[in-house]
Every structure is written in structure tokens, then in C-alpha cells.
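# Understanding the architecture of this molecule
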Amino acid sequence: MRAFLLRRALHAVFVLWGVVSAVFFLVRLTGDPTPFLVDQTATQQEIAEARTRLGLDRALHVQYLDFLRSVPRGDFGTSIREKRPAMQMVLEHLWPATVELAAAALLLSTILAIPLGVASATHKNGAVDHASRLASLFLQSMPSFWLGLMLILLFAVELGGLLPAFGSGSLRHLILPAVTLAAAPLAQNVRLIRSGMLEVLQQDYVRTARAKGLAERFVIYRHALRNAAIPVITVTGLSLGFMLSGAVIIETVFSWPGMGRLIVQAVPGRDFPVIQAGVFVFALIFVGLNLIVDLLYTVVDPRVRLT
Amino acid sequence: MIGLARDGGAILGLIVIGGTILMAALAPALSPADPVKNSLIDRLAPPMWSAGGSAKHPLGTDTLGRDVASRLLYGARVSLIVGLAAVVVAGVLGVALGLVSGYYRGFTDDALMRLGDVQLAFPVLVLAVAVLAVLGASLANVILVLGVTGWITYARIVRGETLSLRQREFVEAARALGATDRYLLWRHILPNVLPPVTVVATFSVARTIIAEASLSFLGLGIPPPAPSWGAMLDEGRNYITTGWWLALFPGLAILLLVLGINLVGDWLRDQLDPRMERSM
Amino acid sequence: MIRHRRSLILLLLLTWPLAAAGQPAITPPRTVDGVAIDPDAELVVALADDTTNMDPRIGMGSIRSNYIRQVFEGLVDVDAQGRPVPGLALSWKPVSELTWEFALRRGVTFHDGEPFNADTVLFNLDRFFRRNFDKWGLKDVLAATSFEKTYPFVTRWEKVDDYTVRVHTSEPAPTLWDFIGREPMVPRAYTLKNGVDGLNDRPVGTGPWKMVEWKRKTSMVFERNDAYWGTAPLFRKMRFQTIPEGAARIAALRAGQVGLIEGVPPFDAPALAQDARLKVVSSPQKLSCRLYLNARPKDKYDSGGKDGLFADQRVRLALNLAINKDAIVKKIFNGYALANASPVASVSYGYAAQEAYPYDPARARTLLAEAGFRDTNPLTLQLLFPAKHYGQSFDEMTPAVAEMLKDVGVQVTLKPVDFATLLQTASKGTLPPNGGFAACRTGNNLDADDYLRDWAAIAMINWAPYPPELMSLYTATRREVDAPKRLKLLADLQRQVRDWAPVVALYQEVKVYALSARVLRFAPLPELNMDFRGVAVKR
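Residues numbered from 1 in each chain as written. Chains lettered and ligands numbered in written order. Predicted model: local features only at pLDDT ≥ 70, side-chain atom pairs only at ≥ 80, totals over all residues. Heavy atoms only, no water.

### Examining the state of the cysteines
Residue and element names in this part refer to chain C. Our working definition: Disulfide: a pair of cysteine sulfur atoms within 2.5 Å of each other. Starting at the N terminus, helices and strands are each numbered in turn, a helix being any DSSP run of H or I of at least four residues and a strand any DSSP run of E of at least two. Burial classes: relative accessible area under 20% of the type maximum marks a residue as buried, over 50% as exposed, and values in between as partly exposed (1.4 Å probe, protein chains only).
Within this structure, the stated rule accounts for one disulfide over all chains. With a sulfur-sulfur separation of 2.0 Å, Cys289 is cross-linked through a disulfide to Cys440. Its S-S torsion of approximately 100 degrees makes the covalent link between Cys289 and Cys440 right-handed. One end of the pair, Cys289, is in strand β14 (residues 278–293); the other, Cys440, is in strand β18 (residues 435–442), with 151 residues separating them in the sequence. Per residue, the accessibility class of Cys289 equals that of Cys440, and both read buried.

Below is the structure:
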């Protein structure tokens, strides 16, 4: 276990170094942020002065080494647009908005998927199966901005303000964005569980369990689901990235003050420190959560050993 | 092709896909008008069956007076090209790197897989926005971005399969008989990794078509005036109350095509490899 | 949403000391136009974006201004028609050819109680022109507009008495009242104590609203400044809510979650106006959208040794004649736009209406042929187009304009770029000789000079520098202090600029707002910001 954790820690440091280096050079490819900081009638000289003030006129390797030195301290510099510490801005959007939305969507897409997927598999080709497959296919076949707008029009306008069209901070505000964000992964999980269950239910040990006279419910949830859950865990680990950054579209539609929109908007705004801090935090969370996913495998499937 | 006849969903899916391909291929013949040429006088005409509509524009016109039906037909081309080309880019890149990784192992494997880890930990949309800001939005660049960000999924699957295949008897036997690496990869390993790759690729086409629409929403899609279903849906969202047909038709088209591809994908998965989705 | 404040007593207790310290408490009116109002209402206003800063020096762009001008004020205020009226200054006048005098309003205090007086103005002038940093212990002042470079002829400023300030110049400066008067004033002691961070996070101004809470990218909450020197708003609380997506803003208004929205798409306006619970109002903006074409001589940009293809006046004029402005205004903007042939916004001081460029494709073709561009040797134009930046109507208009240019034989390539790339290209001067871009020009000043100086010095939006005769006419407008004479010069310059056609004029924006019928007396300004003074909310 200790060796495993050490290996993973080294691995994580490597991935983080790769990510911050990639973002450092990528943002500098997008060109100069200074035209944003000056008036439309500013002259070349004024622009050059603004660039010097930002330290962007230094040699690239000097900037890079400087950047690498300050990353471990959590110092990502000052936002070019907002003139505030970039890391502070990212953290303000991470907590609570992004965490709330991602957690709610994660719960919805996994917890709701289990009964739906199981019911689908145990009633194969029945009405429940057809309904849940159709619904999943439907949810996966719409761009999220469109689904979100339709939900707003339905729940906020047509149903007389049953749910709010924008805002954050309460459960009522969370419902529509969380449902929109969860839609595609939920649909995928239902189908994963269904096909996983169908396969597992054919296998010997499940038949044995049934033959031993164990209750059907016990067989399903104790034996079959455990195995069917593994692909769900894998896919969820991969879709965490989507929950965190792909949320930008949902954040835009629902005016949700999350991290995704902050970072993605910082690219057209050429706010290098904010992009760098945001991508770093994103990578840190992604790496951390995937470590948890790996640990989860051992809980769900005792055959998996950590090496 | 066992079971196709019994799977109504897959047949439906094939019909939808076939229909879309036909629409795309015959777009010049079927279109009532030029999809790009605008005419402000004819702006926002409703479909022919609504009050104020005319047979000249069966599905109405858009905000620039362009014929919606024609744009839909030509848009099928763009959506199919983006979906297929991006998946081919991702698939070829992923399969090649996955084969190399799994077959040669060692440093190459480590380097490629760590590169993949770095890429997965990098927010896709930030990458897309930044790359398109540098390169500019165009059909080719959208395909490039959607393709290059997808290789890792294929690489991981192929690598895993290759790792286990290279230990198998028939590969060992061929190697003992003096087969070259290249021969082994091409003749023995590649054919065996293709079925799972095909299934993943099918679902990816559907996902890419959705992703293209999302890029349009962020202003990074196929640039105007070329018609794409994603861009049409995005343009239509500001006219939900005043020009419902602008969004409805491309929305339906996306829905049906993606639905069709997913249905076929489901069937393919059942046929080729029931355990497939584990590695997705 | 318009919410009732139940804890009225608590609020009264909280605001009582302020009211007592300031002016004598005036009983606010209970009715407006015979309608009972709710003085404790909260009005939620939905905006497309949040501001990034509150320090006015960092920039007064179209988004920022709206937030900043609720809290901060300048010496010169504007009325609903966009005319200059007394703000923190009661009057301004040139006392000699080279001296302006501002008489300041008495009894004005900042939200924290700091008095506004001549010392405040001197401190602000030092901030504008980045002078006397040693005296204030400042290191630097970040600024979007470098006053010391843009207005180098302003030499010094002095306090005559506590409520009189004089500004001296080295040459006559007829627009000094405008560029100094419209710049918001920040408090001296507060800024020195809390720095720019203090101004940004907890801005303290003299304006009708005090900022009480700011959740970045979400909302800014204001409370009425009960000690305000002028007509205060007739409701207590206001929230600027960020709702980026246009369709979501309309949904929120229709659902009653917000009371006022900006940026209504032109074709939604009639539908919203039909709703009995809603109203639609609009006002022309100082936002002129144009095609900027490369008409710079080869030594004025990164050219590879070629003059800009559009240096020939006939070519630029031809392109102006090829654009069907009427179709753009009616068909794309549903009437919510103006065709304006003057380079100056129709609501600026000194604006003189100019003869429209007629829509005449045949004449355009003739002019192009005269300039040497025929079907065998067609004119090419690589047009950069910042998609998703100026709004949907702009994005619809640009391809339509490209089509109109194609109709007269111009080979247009439309190249969508992100806005930052456009700015970089324009500021570095790296347009190709046949390049151009579609963009909108906005301004925070009231005088026509704000627009006319565009072609005086090489800057990112100057791609057609004034020829010598226009430059000398422009210089004359900058030196003439006598108002009637100057207005005549300005009109003359506008006419000549119209004929010389530095840009292809497309349209001037009309901003459309939709609001709840319960919001009374809201009048849109022809400025970048909204004004809620005197606005009331029906009970």
C-alpha cells in the first residue's frame, strides 16, 4: 500500500508538471494580452509599456523557470483582467459553485443509474427496459445547451416559475443545472449497468448463488451489481473531467458561477495567470479523484490489487 | 450480421444513417436553393404549411433569408464529415500509438501513457478554445481539435488488448517462426483489436456530432456561412419564440442521427464484444 | 425579482445615523405619476456580464461603465438625451484661452463620509495624469487611457479655493470639460488608505448607489445612497445579476425573476412588448459598427512593402455605396439601429447629420473600375470578423455585408477570429494589404472629438490616417475654444470625413431594454450605463 501511494504520488507530480508546462506554453501561443488593457486609441508605445509592466517582455525560459518556481507555493500571480490573485479567483469559483454542481451531477448520474440499469436488465425487453433505454438514448442525443434552455423554458416560464431560471445557493437552484449536466453520463451509466448486469447474470457464480436459494434481490445487489459497477467506476473516473470543465456550457446557460466558465472565458480574455491557475486546480482534482477511483476498485472488486 | 433482423432498433438506426448519407450525397440535387446565398428580403419566412410560408422555402428561411431545407441538406455533409473525420483522426492516432505502446512496452509505452495522462488531466474545452484561438476556426481545425483530444481512449483499449495478445500462443508461434514485428502487428494483432475499436468509434461519431454543436455554442464551431447542424441549432436558440423552425429542424436532425448511430452502436457492441464497454 | 423588505425597522435603525449626519432627511414620495410605489423594493437587473474591476482608471468599457457609474460620478453628468449637465461640478468654463475653471458642488460626501472638494479633484487629476506619486506615496496607477500621453497639452492644475479648481493647458483645449469631466472621481483618503484593491473590492463613490455585496461573475448588490445630493432612486435595493445567455435573460424576465434586462434581441422586442406585464424601451447608443479597411501607407504598418489596398478613396467610397443600410436596419435589427453617415455618433455633442451614402451597386462597380478593379482583376478583401463578441445581430449582419460586397464584384473572404486575436492583429498592425475587420467603436465621452480623433494618430482602430488637409482641419477643431465657431468646424470636418470615407459605415446601435411594467420612469441613456435616479417600483 505504501509503495503504491508513493508511486502514485510521483506519478501525480509528473502529470501536474506536464499539465502546467503545457498550459504555460499553450497560452503564450495565443498571443499578447496587452491590447485588452489599453484604450482603443492607444499607440504602439503604450502597448509595449503595458507588456513590460506584466513581465511578458522577458525571455520565455526566464518566465517559465519563474513560473515553475512559484507553482509549488500556490502562487499563480495576479489576474491581468481583475488585478486579484489568480488562485484566489479560481478557488472562489471552485467552492462552493463547482463542487456543488459536480457533486450533485455525479450523485444523480451514478445513484439514479443503479435502479434504472438494474430494472432494465432484470426486465429485459419489458416496458421498463424499453422506457429507460429510450430515455437514455434521448438524453444522449441532445447538446447540453439545448437541453438546458428547454428545461428553463419549461420549468421557469411555462410552469409558472416552478424552478428558477438562474442563480445558485439553494437546492431549488441546483436542480436544473445538475439534471442537465448529469443527463449524458446518467444515460451512459444506465446502459453500462444494463449490459454489465445482463452479462453477469448469465455467469456461473450468479447461477450458483441463485441455485443456493439466495433471495433474488440479494443476488442482484450483492453479486451481480458489484461486477457490473466496475465499468461504471471507470467511465465515471474519465467523465469527471467533463463534469468539471464541460460544465462551462451549463454554467453559461444557467448563470452558474463555476470554475469552468472562469477558465474558459479567461482564454479569449488572455488572462494567463487565471488560465494557468485554473488548469492546475483542475488537474489536481482530476488526479486526486482518479486516485480515489483506483482505491474504489479494490473495495468493489477484491480481485483488484494495488501495485 | 446475426440478429440484425431481430433488432428493430438497429434497423431503424441504419435507416436513419443511410437516409442522412443519402441526403448529404444528394444535397445539390435535392436542395431547393443555394444554402449560402442570403437574401435579406426573404428573412425569417416560416415553413410552407404555416401561415405566411410558401412552397419556395419548404422549411422556411433563416435570419439571413437562406433556405432552411437546403442548409439542412448541406449541413448533413458537414456534420457527417466532422463526425467521421474526427473519429478517424482519433482512431488512427490512438490505434497506432496503442499498438506501439502495448507491443514494444518499455520507455515508449511509459512516455505515451504519461502523455495520455497529462492530456486527460487537461480540461478539453480550454485546450479547444486555446487551439482554435491560435489556429482560427475552420472545418479542418475543428476536426483536428475534436480528433486529437480523443486518441487516448483508443490508445488505452488497444494497448490493453495488445499486451494480452502478444502473450497468446498464436502470436508467440508466429514469432518463433521468424515473423517480423511489423508482420505480427499488421496480420495478427491489429485485426484482433479492431472489433472493440469499431464499437468505441461508432459511439464516438455520435458524441462528436454533439460536441461540434457545443463548440458552435461557444463560438468555436464551423465558421459561417457554411451550414452545419450544430451552428444552425446555435443560431436558432435566440429565435425560440420568433422563429421556432430555425432551431427545431436542425435539433431534430441531430437528435435522429445521434439516436440512429447509438442504436447501431448498441447492436454492434452486442455482436462484436459484449464486454466492450468496460474499457470505454 | 421585486422583493419586499420586512425588516424595515432594522434598516431604518441602520441608516438613521447616516441620514442624521448628512442632509436633513427628506420624506421620500409615496406615489409617482399617481401610482403608489414601494420605497423598499429590490430591483433585479439582468446583465450579460459582470465587471472585472471597479476602479475607473482600469477601464470604462461598455460592461464596466454600467457598474462603475452607479457608484462613482464625474464632474460632468448627462441627461436622458446625452447632453452634459452639472454633476460634481456646478459649472465649467474657460477663464482664458489656456485655462479652464470648474466650480464644484458643495456638501457632497462619499459613501464613507469623506467630503468631496477641490483636494479630491486635484488628487484625481494626479491619478489621471500619473503625476506627484511621491507626494501621495503611490507607486503606480494602472490605466487604460494614459491621459499624460493622450492629452499632453494639459500642464498643471491648482486649487483656487475649496470649491474651485483650475486646469492649465499649453494650447487651447475646447474638450477639456469632457475628457476630464466625464472621468469618475474617487475619494482621496480612502484610496490612499486602501489602495486600488480597496477601490475594486469595496468601491466608495459619491453616486446614488452604495455597493454592499459583490459575488464575482454572479451579482453585485447596491443599496440606495440616502445622502445623495441629487434625485435619488425611489427604491431601496438593486441587484445587478449576471445572466450570460440571452434566452435565459428573457426567460428570467418572463418568469418574474428579474425586473429589467438589457440586450433584448430586436425580434423578441415586439413579442415582449405585447405582454401586458412588460415594457420595452430603447435608446440610440454611442456604438458605431463599421468595416475598418487597410488604407495605411506601407510605412505605417507591417506590410511587406505595399500600401493598403484601400488607400484609394474611390475604393472605400465604392464599398460604402455597395452596402444596403436600409435592409440591415430593417431586416436584421427590426428597426433597432440607425444608419449614420457621420463618423460621429448621433447622440454626441457636435454631431452634424450627413448625407447618407446611397445604396447604389452600379455606381460602386463604376468607382471600383475607375480605381482599376474589374472582373478580370477583382478587388479582394480578407475580412476578420469577431464572432460571438458583439452579439447575435452583429454576427448575422457581417455575412450579409460580405454578400453585398460580393454583389459588386469584391472577392470577400470572411475570416472568423476570436476578439483577442483581432485586437492583437489591429494593435500590432499586421493586417494584410487587402485586409480589414468588422468592429464597433464605442466611447465614454460626450464630445464629437472622441470619434474624430480616431484617424489622427496611428492606433489600433486607425487604418486610414487623415491626409494633410483633413489633419489640419482636425487640428483646428482641437484649438478652437469659441463654441459656435468650433461647432461649425466640427460640422465641416464631419462632412469631409464622410466624403473621404475612412471606414465603411454599417450601423449605429440602438440598445433595447425590456422591463417589468412595475418599474416606473426608467429612461435609457444614450450612454454605456443605465441610470436609476428617480426610478420607482410600483407597490
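### Regarding the interface of chain B and chain C
Defined as follows: Contacts are assigned to residue pairs with any non-hydrogen atoms lying within 4.5 Å of each other. Put simply, buried area is how much 1.4 Å-probe accessible surface two parts lose in total, over both of them, once they are put together. A side-chain nitrogen of Lys or Arg and a carboxyl oxygen of Asp or Glu constitute a salt bridge if their distance falls within 4 Å. Under the grouping applied here, Gly and all other residues not named as nonpolar or charged are polar, the nonpolar ones being Ala, Val, Leu, Ile, Met, Phe, Trp, Tyr, Cys and Pro and the charged ones Asp, Glu, Lys and Arg.
Taken residue by residue, the interface counts 23 residues in chain B and 21 residues in chain C. Taking both partners together, chain B and chain C bury about 2000 Å²; carbon and sulfur atoms supply 53% of that area. Of all residues in chain B, the largest losses of buried area upon contact with chain C belong to Leu40, Arg43 and Asn238 of chain B, amounting jointly to 27% of the total for that side. Counting every contact that joins chain B to chain C gives five salt bridges. Those elements that provide at least two residues to the side of chain B that touches chain C are α9 (181–217) and α10 (229–236) of chain B. Its residues assigned to classes, the side of chain B that touches chain C shows eleven nonpolar, seven polar and five charged.

### What to know about the interface of chain A and chain B
Put simply, the rule is: N or O atoms within 3.5 Å of each other form a polar contact, as long as, within protein, one can give a hydrogen and the other can take it, and as long as residues adjacent in sequence are counted only when both atoms are side-chain atoms.
Each partner contributes to the interface: chain A provides 49 residues, whereas chain B provides 42 residues. Both sides of the chain A and chain B interface together cover about 3900 Å² of buried area, and 77% of this is carbon and sulfur. The interface formed by chain A and chain B includes two salt bridges. Measuring nitrogen to oxygen at the nearest pair gives 2.5 Å for the salt bridge that ties Arg191 of chain A to Asp266 of chain B. On inspection of chain A and its partner chain B, the count reaches three residue pairs in polar contact (both at pLDDT 80 or more). Where the side of chain A that touches chain B is concerned, the elements lending two or more residues are α1 (2–29), α6 (127–140), α7 (144–158), α8 (171–201), α10 (216–245), α11 (247–253), α12 (259–266) and α13 (272–300) of chain A.

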